[in-house]
Amino acid sequence: MTQAADLVCTNGRVYTPDSRRARPEDPLAESPAAVAVRNGEIVRIGPSNEVRFLEGVETTVVDLDGSVLLPGFVDAHTHLDVLGQQQEEADLSDCDSPAACLDRLEDRRTETEGWVVGFGYDESRWDGSYLTRDQLDSVSADRPVVAFREDLHVASVNSVVLDRHADAMPPENVETADGEQTGVLVEEALTVLRDRLRPEPERMREYLLAAQEYAHSKGVTAVHDMVRHSHAPRVYRELDTAGELTLRVRLNYWADHLDAVLETGLRTNHGSDRVEMGAIKTYADGSIGGRTARLSEPYADGEGRGEWVTPPEELADLAGQIDSAGLQFAVHAIGDEAIDAVVERLDATDGDRHRIEHAEVLTDSLIDRLAAGEHVVSAQPNFLKWAREGGLYDQRLGEGLRRQTNRFGTLADRGVRLAFGSDCMPLDPLFGIEQAVTAPEPTQQLDVSQAVDAYTVGGAYAGFAEDRRGSIEPGKQGDFVALDGSPWETDSISGLGVDLTVVDGEIVFDSR
């Protein structure tokens with residue numbers, strides 16, 4: 001007797017590897033189909049009348065009513081603790097003026113005690129000027145106020161923060177004008193803020209649960225989370241043990257943790273089906289928004305070519321140590337000079353699937369080298385929001401370099417492995433897919449199928465999990481997202497709604 005399925009989704013337009021191969025331009029199943037999941041594994045795909053025999057008394061049956069069923073999105077670069085804080089603290093991500101940011105921070109001041117914290121401001125939405133101490137002093141003259149820029153490489157603080165903590169910060173990372181501190185901090189100066197604001201385990205639990213709920217509402221079923229000096233790994237494992245973790249989480253530990261990882265014997269890919277060890281991560285350089293990404297030529301709107309967060313000689317030592325230990329290495333590199341240094345160091349290793357995070361400014365020679373290697377480019381298509389004429393890339397880089405940013409189309413054509421993530425700017429795969437499909441330069445553009453694949457099987461591949469997730473086919477995990485329309489048939493991919501998110505055959509989000 002055939003065992004009943006736990007979940008049967010009927011009457012859906014299903015995106016499968018077979019349908020993609022059969023109809024590249026219209027890759028959804030030709031007729032409504034059903035998918036059955038048993039014990040977390042896909043056991044059957046086919047016409048509804050051929051799958052419904054797997055229905056039993058306790059089977060959950062979902063009529064998709066024509067919804068589009070895609071593999072669950074794998075966000076290959078997140079900071080879920082920050083996303084959770086953004087849900088709980090002041091969310092500045094949609095503020096289109098300094099005044100709007102100050103209003104949000106003032107509202108938060110009235111709701112809390114101690115530090116007043118906001119996340120996600122983007123000065124390119126107004127005149128390009130960072131928030132300053134003078135502006136934040138208007139929020140509070142006696143309590144610390146901090147507003148983190150969207151990229152987390154820049155923060156703006158008030159006079160209280162500077163008076164109490166500036167002496168502990170590297171002077172070169174504390175901006176001054178006419179000999180006075182402006183309240184703008186970059187790179188390592190932010191470490192002091194993170195130390196003061198690090199949430200205790202119970203608060204971290206609240207943040208991660210809030211982030212998990214948000215991620216599922218966007219169709220995300222798995223994340224590669226970048227963790228540093230926080231209780232997040234402990235809390236993830238506690239949630240997993242308690243049966244409260246519905247996301248699949250791959251932990252990429254900062255290089256600060258390398259000694260502890262080696263001492264405790266952690267290894268890449270070790271863990272449960274909900275929490276596993278990923279890569280060791282470090283920064284090569286900073287960000288374009290902070291003018292700290294390391295470029296081969298000066299910034300168009302400022303002095304210098306950016307900075308090294310980890311100098312090339314240290315990168316070489318790290319790469320050798322990490323690779324020798326059999327660990328995956330993930331290196332943040334944004335400017336072309338930083339990417340060049342990282343590729344050189346990774347090429348000297350024997351390891352499999354080392355990752356370059358972001359890889360925003362790509363010259364032709366860099367693409368040639370990436371195409372010749374086996375490294376994964378873990379990139380953020382949502383950053384293309386800055387690639388339009390007159391946008392942040394134009395301001396910081398000038399038109400020439402702006403056209404060489406985020407060249408996903410060229411990378412895909414050359415066979416480079418792409419894994420898409422959001423960096424939580426914002427965490428929204430449909431927005432990222434839309435940005436890649438509508439990118440301003442042909443070298444940046446992907447078709448819909450390529451972009452969907454980078455956000456599904458591409459992320460799975462970057463996490464050594466392409467045999468388990470990333471596509472809808474028998475034997476793989478029952479992780480899906482149902483959309484209320486087709487990304488192949490709309491002019492507004494980001495406007496599509498998520499009807500349903502399923503992890504391991506369990507419904508974790510339902511908006512119907």
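Residues numbered from 1 in each chain as written. Predicted model: local features only at pLDDT ≥ 70, side-chain atom pairs only at ≥ 80, totals over all residues. Heavy atoms only, no water.

(A) Examining the sheet that holds strand β12 (residues 180–186) more closely. Pairing is mixed in the open sheet, where six strands are placed in the order β7-β8-β9-β10-β12-β11. Where the open sheet ends on each side, the last strands, each with one partner, are β7 (90–91) and β11 (174–177). Taken together, the three bridges between strand β9 (residues 145–149) and strand β10 (residues 154–157) define a ladder with antiparallel strand orientation. Bridge pairing links Phe148 to Ala155 in β10. (Pairing = 2+ DSSP bridges. Helix = DSSP H or I, 4+ residues; strand = E, 2+ residues; numbered from the N terminus.)

(B) Local environment of the pattern of salt bridges. Under the criterion given, the structure shown has 43 salt bridges. Residue Asp273 is joined to Arg248 by a salt bridge in which the shortest nitrogen-to-oxygen separation is 3.5 Å. Here Asp273 is found in the loop between α10 (258–264) and β15 (275–283), whereas its partner Arg248 is found in strand β14 (residues 248–254), with 25 residues between them in sequence. Relative accessible area serves as the criterion here: at 37%, Asp273 is assigned to the partly exposed category. Look at Arg248 and you get buried, because its relative accessible area is 2%. (Salt bridge = Lys/Arg side-chain N within 4 Å of Asp/Glu carboxyl O. Buried < 20%, exposed > 50% of the residue type's maximum accessible area, 1.4 Å probe, protein only.)

(C) Looking closely at the environment of Gly302. By the secondary structure assignment, Gly302 is in the loop between β15 and α11 (312–324). For Gly302, a relative accessible area of 29% puts it in the partly exposed group. When the C-alpha atoms of Gly302 and Arg291 are compared, they prove to be 7.7 Å apart, with 11 residues separating the residues in sequence.

(D) Just the nonpolar core, in detail. Counting 90 residues, the largest nonpolar core has Leu70, Leu80, Tyr236, Ile280, Leu411 and Phe420 as its most contacted members. A per-element tally of this core places helix α12 (residues 336–347) first, with five residues. Ignoring any residue separated from it by four or fewer positions in sequence, one finds Leu80 in contact with Tyr207, Leu208, Ala211, Val223, Asp225, Tyr236, Leu247 and Leu427. One finds Val82, Val117, Phe119 and Val161 within the second-largest nonpolar core, a separate group that totals 20 residues. (Core = buried A, V, L, I, M, F, W, Y, C linked by side-chain atoms within 4.5 Å. Contact = heavy atoms within 4.5 Å.)

Just geometry here; none of it tells us what the structure is for.
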